[in-house]
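Observations on the model geometry
As a plain string of letters, each chain reads:
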Amino acid sequence: MTSVDVETPHGPARAELHCAEEGRAALLLGHGAGGGIAAPDLVAATRAATESGVHVALVEQPYRVAGRRAPAPAKQLDAAWLAVVQDLGERWFADLPLIFGGRSSGARVACRTAEAGAASAVLCLAFPVHPPGKPEKSRLPELDEVEAPVLVVQGERDAFGQPEPSQNREVVLVPGDHSLKADVDAVYRATQEWLIRVLRLLD
């Protein structure tokens, strides 16, 4: 594991790199709004990826690196994320397909930046379709705009809602709520099976 700092327009971000033995692609994962990169579902996805031949970068947004818990505005999150993508793509993952991903808020960032960052696929862990109890405030357009293959791993009892599958979007429901802590093995299996299929498409 290697930790690298990356300058962004909104202060330094940090990436924790977990390298596979033979990397065929790289998966960049962002954290949730108030959480960090040690979230159980992110750890499970990291293990699934590295064991499948995919390097992983767990990305800490500048506000977390600075010690703040309250997230930055969406535009700042997206700009910082794209700066990290560019830096890691040049310095560490040259010539490799990049897969974007994250949990909750991090999944939203991955979706919003997928086109600009030329993501080959997007992994969404606990995508927050709407705020709890407010289905009218839907964030589904962020998910719908992604043209690359998408996997959404969602808790069966997620108060933030559940997206429907679509032409390029798989949705896997696993036991538990928005935290995805109840069955991390299910998160691991869903992620690994999808990544193996994505790698076949990329080869």
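Preceding this section is the structure that the text describes.
Bear in mind that the values here come from a model prediction, so they are computed numbers and not experimental data.

Look at helix α3 (residues 74-91): 26 Å from first C-alpha to last across 18 residues, which is about the 26 Å you get at 1.5 Å a residue. Residues L77, D78, A80, W81, A83, V84, V85, L88 and G89 constitute the buried set of α3.

Another point: the nonpolar core. Counting residues in each nonpolar core, the largest one holds 34 residues, and the members touching the most others are L88, F100, V122, C124 and F127. If you tally residues by element for this core, the top one is α3, at five residues. Not counting residues within four places of it along the chain, the set of residues in contact with V122 comprises I99, F100, A110, C111, A114, V146, P149, V150, L151 and W194. One finds A39, L58, V153 and L180 within the second-largest nonpolar core, a separate group that totals 30 residues.

Turning to the packing of aromatic side chains, a few remarks are in order. All chains considered together, the criterion is met by one aromatic pair. Measuring from ring centre to ring centre gives 5.7 Å for W81 and F100, while their planes differ by 85 degrees; the resulting arrangement is edge-to-face. Here the residue W81 occupies a position in helix α3, and F100 occupies one in strand β5 (residues 98-103), the gap between them amounting to 19 residues. Judged on exposure class, the residue W81 and its partner F100 are both buried. Above the face of the Y188 ring, R47 is positioned so that its terminal group lies 4.1 Å from the ring centre.

The first and last C-alpha atoms of helix α1 (residues 40-51) sit 17 Å apart over 12 residues, in line with the 16 Å expected at 1.5 Å per residue. Among the residues of α1, D41, L42, A44, A45, T46, A48 and A49 are the ones counted as buried. Buried positions along α1 lie against β2 (13-18), β3 (25-30), β4 (54-60), β5, β6 (121-125) and α6 (184-202). One or two steps after α1, the chain reaches G53, where phi turns positive at roughly 85 degrees.

Bringing the pairing of β6 into the picture now. β6 sits mainly inside the fold: five of its five residues count as buried. Taken together, the five bridges between β5 and β6 define a ladder with parallel strand orientation. Opposite G101, over in β6, you have L123 as the bridge partner. Of the crossover connections in this fold, the one passing from β5 over helix α4 (residues 105-113) to the parallel β6 is right-handed. Relative to strand β7 (residues 150-155), β6 runs parallel, the two sharing four bridges. Looking at β7, one finds that C124 is bridged to V152.

Criteria and cut-off values
Residues numbered from 1 in each chain as written. Predicted model: local features only at pLDDT ≥ 70, side-chain atom pairs only at ≥ 80, totals over all residues. Heavy atoms only, no water. Helix = DSSP H or I, 4+ residues; strand = E, 2+ residues; numbered from the N terminus. Expected span 1.5 Å × (residues − 1). Buried < 20%, exposed > 50% of the residue type's maximum accessible area, 1.4 Å probe, protein only. Core = buried A, V, L, I, M, F, W, Y, C linked by side-chain atoms within 4.5 Å. Contact = heavy atoms within 4.5 Å. Phe/Tyr/Trp six-rings, centres within 6.5 Å; stacked < 30°, edge-to-face > 60°. Lys NZ or Arg CZ within 6 Å of the ring centre and 35° of its normal. Pairing = 2+ DSSP bridges. Right-handed = clockwise from strand over helix to strand, strands pointing away.

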